[in-house]
Amino acid sequence: MINIWRLTRVQLLSSFGLNKALHTRDRKERNNLLLLGAAILLCVVMLAAFSFGYSYMLAQTLESIGRVDLLLALMMAVTSLIGFFTTVYKAGGVLFGFKDYDLVMSLPVKTSTVVASRVLQLYSLNVFFTLLVMVPAGAVYAIYVNPGFLYYPLFLLTLLCIPLVPIIAATIIGALISWIASRFRGSRTVQLVLTIAFVIALMAGSFSINKQEQVQVLADLGAELAESVFRLYPLASMYVGAVCSYKAGSLLLFVGISLLAFLLFTYVLGSRFKAIHTGLTTSRASRNYRMKSLKTSTPLRALYRKELRRYFSSSVYVMNTGIGMIMLLVMAVALLFVSADQLGELVEVPQLADYLNTLAPLVVSVFVTLSCTTSSSISIEGKNLWILQSSPVPAHTILLSKIAVNLTVTLPVLVISWGLLSLSLRTGWVESLLLLVIPAIYACYSAMLGVLVNLKLPNLEWTSEVTAIKQSAAVIVAMLIGFISLAVPFAAALLLPGVDGNLLLAAIGLVLLAVCGGMYRTLQTRGERMFRGL
Amino acid sequence: MPAAVKYRKGVSGMKEILSIKHYSKSYKGGKRAVDDINLTVEQGDIYGFIGHNGAGKTTTIRAVVGVLDFEEGDIYIDGISIKKDPVACKKVTAYIPDNPDLYDHLTGIQYLNFIADLFGVSKEDREARIRKYGDAFQITASFGDLISSYSHGMKQKLAIISALIHQPKLLVLDEPFVGLDPQAAHTLKTVMGELCRSGSAIFFSTHVLDVAEKLCNKIAIIKGGKLVTHGRTEEVTGDNSLEEVFLELIKHD
């Protein structure tokens, strides 16, 4: 047990530059990290407040149908499902993609212990989100129902168990995909394709569930809601039984299933772990190369090709940054087929149509901003950075190649989705143009922003790609700035109904273009120095 | 090459390829890692840079190749300041770090071609050189495999070939003989000799003192961030072996 904690702690320390902040002797660096920590804390507090407000409103609605007890069930089911969904595509990477594999595996610890420490890393990523949703929900519930003293210890005890089962379920799928992939020659490509296929299938599946449920909204709303939540996630009923009704049986069952799933999984995967890892990492060495004619290209093209190959060689990288574009495409396709009629009716409603036209480009831009590959593109160089730093290529060319890869990921999908969305939303030509141009500007904006933020907040000392891609300060900061850059126009569109939507969008586009110009100039003038200072 | 650049001739009359002038570098936090280093490498030199662990060898080498930013002093390569025109300096320099981490996701030949593109090597030159050095280091057959499948020594060989691909005027190596098999080490020494005869210069750090003594015409010894001695190998060693000189110099505080 103690070994599991030791291994997990080492991994967690490398997240978010935590250990650097604790041990750096450079006062300036430490202050920067402290400042960053404070900013992140502020965001957490804001998110918690938002979460509280949401729970409060939900509780009001539920009270009107007399089922406040469903608040916890709903929130618990939602966190679990989101946890499952966001873990599925990174499980394979977290489990098997760590560079200190040889070091860790040669230590006198059981393989199941190593597996457990990897699963706990996934757990730590999820428990944060769970706390952010469940603690405010629990508080709102306590305010509304004023439960007995027993509620509090039960709530806290079960709280930490909530993410376990979703993570295990997601990890089983991730491990299965890795296991299948490890038996193929191009194991990384197979892993990537399988993961994307699974995520799309999952999204398609959830669309069809929603469709069914819409039909079944009946007179007895409360009972129907309870049933659908429990059907969607059976553990939710155990959870509510334990926390709200103090049933000992439910409590034992819920905690028992969660812990047992964790133990069983680490044990079973522990027995196959080495085989899967070997299959995934062993590259084919044919040793039969003969010199052929070589193609020459410009430095920018060479860098771009190398960067693109790097991107697609990592399923964690692709899934974490490409998920937004996959979702956009699935959504665009779904809108075309699933509810063309319903959407048609909505578009007929005059006021809504205005909103839709103004908001649609911004909604598409959300997906584009989610797909920021550049905010980890410098961190991902890691120990390879010397190659670029010692090459006779100006830094802005190097940075440009990273931006180009980001645009390669976003722009083609954007254009396809734009075509589909124009069809299903029946937009006029000005609206159509804005639907393409505004997200395209956001794509450039977020790509350049990512590079700049990553230059300022690099994480080059990772042992697992996940640390660079998911748990680094640069990624979080870039995402926050990206969201703020979207929240402001959203708020403007909703709060200024008098202003013409197209005009507003054009203004936003112009402002962003100016910012893009500024960032491009910064990369050209100060990029060299920033890049060498890494 | 800028017309204003004038070549200074060294004492021996050969052109200066690398000139380190009053270079100092402090750790974050203030402690000096390297303190006022002055050193000149001329055309045809094989210059050995010797010191114990943590003496400041890598800190110096990384500044020379433009990987490490520095404030104090300056470094000139082929007469050009690396601070003022780093790209021009890097064009004529090649660097192999002590533990070359290469792009695991590329094949050997993709990596070499990538480096050749960055250095703007012509198609004919790159093909001829890759063929020549690939065969010399007996690694051509593995060029089609991913670098992730390479052993440590193979990665090092690939890094060496990638450094030779643009015929650098200055070749900088950090501990080049660690991890190479005896045959590859021999090939590397031969290649180093060849390169210097054709007018380039080599600056490398090493712990292997007898190799340094045999291979280098000049040697510098660094201790605690300061140069304690430098010059022609026979002048530095005198009647003693390099090992004796080194141990003697390191012992005195």
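Scope of this entry: the structure provided in the associated data block. (Residues numbered from 1 in each chain as written. Chains lettered and ligands numbered in written order. Predicted model: local features only at pLDDT ≥ 70, side-chain atom pairs only at ≥ 80, totals over all residues. Heavy atoms only, no water.)

### So, the packing of aromatic side chains
Residue and element names in this part refer to chain A. Note the following rule: Only centres within 6.5 Å qualify two rings of Phe, Tyr or Trp (six-membered ring in Trp) as a pair; their planes then separate them into stacked at under 30 degrees, edge-to-face at over 60, and tilted for everything else. A run of H or I in DSSP becomes a helix once it reaches four residues, and a run of E becomes a strand once it reaches two; helices and strands are each numbered from the N terminus. Burial status follows relative accessibility: with a 1.4 Å probe on protein chains alone, a residue under 20% of its type maximum counts as buried, one over 50% as exposed, and anything between as partly exposed.
For the coordinates displayed, the defined rule picks out 19 aromatic pairs over all chains. A centroid spacing of 6.2 Å and a plane angle of 90 degrees characterise the contact between Tyr-442 and Tyr-445, whose relative ring orientation is edge-to-face. Taken together, the residues Tyr-442 and Tyr-445, both in helix H19 (residues 429–456) and 3 residues apart, mark about one turn of the helix. Of the two residues, Tyr-442 and Tyr-445, neither departs from the other in class, the shared state being buried. Cluster of aromatic residues (ring-pair linked, three or more members): Tyr-141, Tyr-151, Tyr-152 and Phe-155.

### Focus on the interface of chain B and chain A
The parts lose accessible area when they come together, and the size of an interface is often stated as this lost area. For the record, the criterion: By the convention used here, residues are in contact when the closest approach between their heavy atoms is within 4.5 Å. Buried surface area refers to the total accessible area, computed with a probe of radius 1.4 Å, that the two partners give up upon joining, counted for both partners together. Just to be clear on terms, a salt bridge is a Lys or Arg side-chain nitrogen sitting within 4 Å of an Asp or Glu carboxyl oxygen. Counted as a polar contact is a pair of N or O atoms within 3.5 Å, where, for protein atoms, one must be capable of donating a hydrogen and the other of accepting one, and residues adjacent in sequence contribute only when both atoms are in side chains. Ten residues, namely Ala, Val, Leu, Ile, Met, Phe, Trp, Tyr, Cys and Pro, are considered nonpolar, four, namely Asp, Glu, Lys and Arg, are considered charged, and the remaining ones, Gly among them, are considered polar.
Chain B puts 45 residues into the contact, and the matching count from chain A is 40 residues. For the pairing of chain B and chain A, the buried interface totals around 4000 Å² over both sides, and the portion due to carbon and sulfur atoms is 58%. It is Tyr103(B), His105(B) and Leu118(B) in chain B that bury the most area against chain A; as a group they hold 16% of the surface buried on that side. Connecting chain B to chain A are 2 salt bridges. With its nearest N and O atoms 3.9 Å apart, the salt bridge here joins Asp69(B) to Arg532(A). Counting across the chain B and chain A interface gives 15 residue pairs in polar contact (both at pLDDT 80 or more). Going through the elements one at a time, helix H2 (86–91), helix H3 (108–119) and helix H4 (123–136) of chain B are the ones with two or more residues in the side of chain B that touches chain A. At 9 residues, H3(B) tops the list of elements feeding residues into the side of chain B that touches chain A. Broken down by class, the residue content of the side of chain B that touches chain A amounts to 23 nonpolar, 10 polar and 12 charged.

### Things to note about the side chain of Ser178(A)
All names here are of chain A. With respect to the helices, strands and loops of the structure, Ser-178 is situated in helix H8 (residues 164–182). A polar atom in the side chain of Ser-178 sits 2.8 Å from the backbone oxygen of Gly-174. Side chain to side chain, Ser-178 and Gln-191 meet in a polar contact 3.1 Å long. Not counting the four nearest positions on each side in its chain, Ser-178 is found in contact with Gly-92, Phe-96, Gln-191, Ile-276 and Leu-280.

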